[in-house]
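Now for the letters of each chain:
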2 protein chains.
Amino acid sequence: MDGTPESARPPAGRTRIQERNRAAILEAGLAVFSSLGFSGATLDRIAREAKLSKPNLLYYFPSKEAVHLALLENLLDAWLAPLRALDPEGEPVEEVLAYVRRKLDLARDFPRESRLFANEVLRGAPHLSGVLGGDLAQLVAEKSALLDRWMDEGRLARLPSKHLVFSIWALTQHYADFETQVRAVLGEGHDPFAEAGEFLDTLFRRLLAP
Amino acid sequence: MDGTPESARPPAGRTRIQERNRAAILEAGLAVFSSLGFSGATLDRIAREAKLSKPNLLYYFPSKEAVHLALLENLLDAWLAPLRALDPEGEPVEEVLAYVRRKLDLARDFPRESRLFANEVLRGAPHLSGVLGGDLAQLVAEKSALLDRWMDEGRLARLPSKHLVFSIWALTQHYADFETQVRAVLGEGHDPFAEAGEFLDTLFRRLLAP
DNA sequence: CCTCTATTTGACCAATCGGTCAAAGGCACG
DNA sequence: CGTGCCTTTGACCGATTGGTCAAATAGAGG
């Protein structure tokens, strides 16, 4: 039935050494993929960063693509959590502002994840097309309906709700994905994310006030 | 004095055939680099797209990097033109809104250029570091000063002007760079750029009104 | 101690990469 | 028609790539 020889793949991820090595590979893969892109990254480089030999890395993951895929899957949950947390029972404007803040915190604390995602979408999301048109589209549709309801109730300014979501993504991720440019333009003596926090708070407060 | 043998490089770009082939290579390079990234792109692929043999391509450009560099240089002028056009004599709010519109038009009409640029900045802008910290930073500083002046005069809402510029870049380029995601979320029957035009007009009008 | 399985690795491979080179065509112009 | 330059190309090269494999090494359990 199953043609794959048992000896060719590691047993289910249980032992401590397996956990440690898989984690080291994912950490190294994140560092390398996010700074070189999928094609620019090499297995040798990832293995070296993880302090493993290349064949040893391939003992834990069957291919370069598998490492990349595992990273994207891990990423997505954390990435969408802030949007999921949008609470129908909360105060509309404050809910959206809290979402903006959470998303900006993600960009500040996990810029490599942000760049990994950006790289993938830029290439047309060959590893994500299913999720984008599936879970993601559904989640946004759901939350977009909530926003529409709030607008109907006059508790939020009337806006195309999906574009409102886009604007939150664009503005927060920009500070992670284009960090090089942001820092070059601002010059020294700036804390980009702190300033962005205040600015985005102002922006969305003005935009959303009914 | 000049160690480079004259026969090794094409004579100055004059003849019609030179012009045609250099243009074909740049067009092909733009298509390939913007969709595969620098490392993912191959000379064979670019040459095939340009309908040239690989050695023939290398007759016009000395290396893969040279093609990439030429593209980025061509790009920058067009990319910064809308910001340059911000007119100190104009009506502040309308000037900024016109800038937003021009930038969105660029994203709509030249999405490949936008993605090429995004790819480069994402990697830390190894081919652009000079420009980012030089011409770009200077241009933004200049226009940022103009925005500050308008704010001082009470003709524009008080905002951190450089972050205002970032927000314009982020919101317009998002529709080109993340087009895959935008289309997946919106579903069919939408014109992303047309909707974005209206939305961004509203957004910045509310944000900027004194 | 032995044995069985999990882990690690050096050596290796075919494919592809960016780039070179010498020679062959094409073309303008005297 | 012949000469000289511009253009094009097939063949080739060393380096690097993702990935394989058989054999060596650890470790756990008896």
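Keep in mind that what you see is a predicted model, and the values were worked out from it rather than measured.

What counts and how
Residues numbered from 1 in each chain as written. Chains lettered and ligands numbered in written order. Predicted model: local features only at pLDDT ≥ 70, side-chain atom pairs only at ≥ 80, totals over all residues. Heavy atoms only, no water. Near = heavy atom within 4 Å. Polar contact = N/O pair within 3.5 Å; in protein donor to acceptor, adjacent residues only side chain to side chain. Helix = DSSP H or I, 4+ residues; strand = E, 2+ residues; numbered from the N terminus. Nonpolar A, V, L, I, M, F, W, Y, C, P; charged D, E, K, R; others polar. UniProt positions renumbered as here; feature names shortened; annotations may be inferred. Expected span 1.5 Å × (residues − 1). Bend = angle between axes of the 7 residues up to and from the residue.

**Quick look at the protein's contact with DNA strand C**
Point 1. Around DNA strand C, the surrounding shell holds 18 residues, and the nearest of these are A:Q18, A:P55, A:Y60, B:L43 and B:K64.
Point 2. When the atoms of DNA strand C within 4 Å of the protein are grouped by moiety, sugar and phosphate amount to 56% of the total.
Point 3. Within the backbone of B:A41, a nitrogen or oxygen atom sits 3.2 Å from a phosphate oxygen of DNA strand C.
Point 4. B:K54 is positioned such that a nitrogen or oxygen atom in its side chain is 3.1 Å from a base nitrogen of DNA strand C.
Point 5. Listed by contribution, the elements that provide at least two residues to the surface near DNA strand C are helix 1 (16–40) and helix 3 (54–60) of chain A together with helix 3 (54–60) of chain B.
Point 6. Among the elements that line the surface near DNA strand C, the one with the most residues is helix 3 of chain A, at four residues.
Point 7. Of the residues that constitute the surface near DNA strand C, the class distribution is nine nonpolar, seven polar and two charged.

**Looking at the UniProt feature "domain: HTH tetR-type" (unreviewed entry) in chain A**
Point 1. Mapped onto this numbering, the UniProt entry gives "domain: HTH tetR-type" (unreviewed entry) at residues 19–79 of chain A.
Point 2. Within the segment residues 19–79 of chain A, helix and strand shares are 85% and 0% respectively, and the terminal C-alpha atoms sit 23 Å apart.

**Describing helix 1 (residues 16–40) of chain B**
Point 1. Spanning 25 residues, helix 1 of chain B covers only 31 Å between terminal C-alpha atoms, well under the ideal 36 Å at 1.5 Å per step.
Point 2. Maximum bend of helix 1 of chain B: about 80°, positioned at B:S34.

**What to know about the protein's contact with DNA strand D**
Point 1. Residues in contact with DNA strand D amount to 18 residues; listed here are only the nearest, A:K64, B:I17, B:Q18, B:P55 and B:Y60.
Point 2. Each atom of DNA strand D within 4 Å of the protein belongs either to a base or to sugar and phosphate, the latter forming 53%.
Point 3. Here A:L43 contributes a backbone N or O atom positioned 3.0 Å from a phosphate oxygen of DNA strand D.
Point 4. For DNA strand D, a phosphate oxygen lies 2.8 Å from a polar atom in the backbone of A:K64.
Point 5. Where the surface near DNA strand D is concerned, the elements lending two or more residues are helix 3 of chain A together with helix 1 and helix 3 of chain B.
Point 6. Counting residues per element, the surface near DNA strand D draws most heavily on helix 3 of chain B, which supplies four residues.
Point 7. When grouped by side-chain class, the residues that make up the surface near DNA strand D number nine nonpolar, seven polar and two charged.

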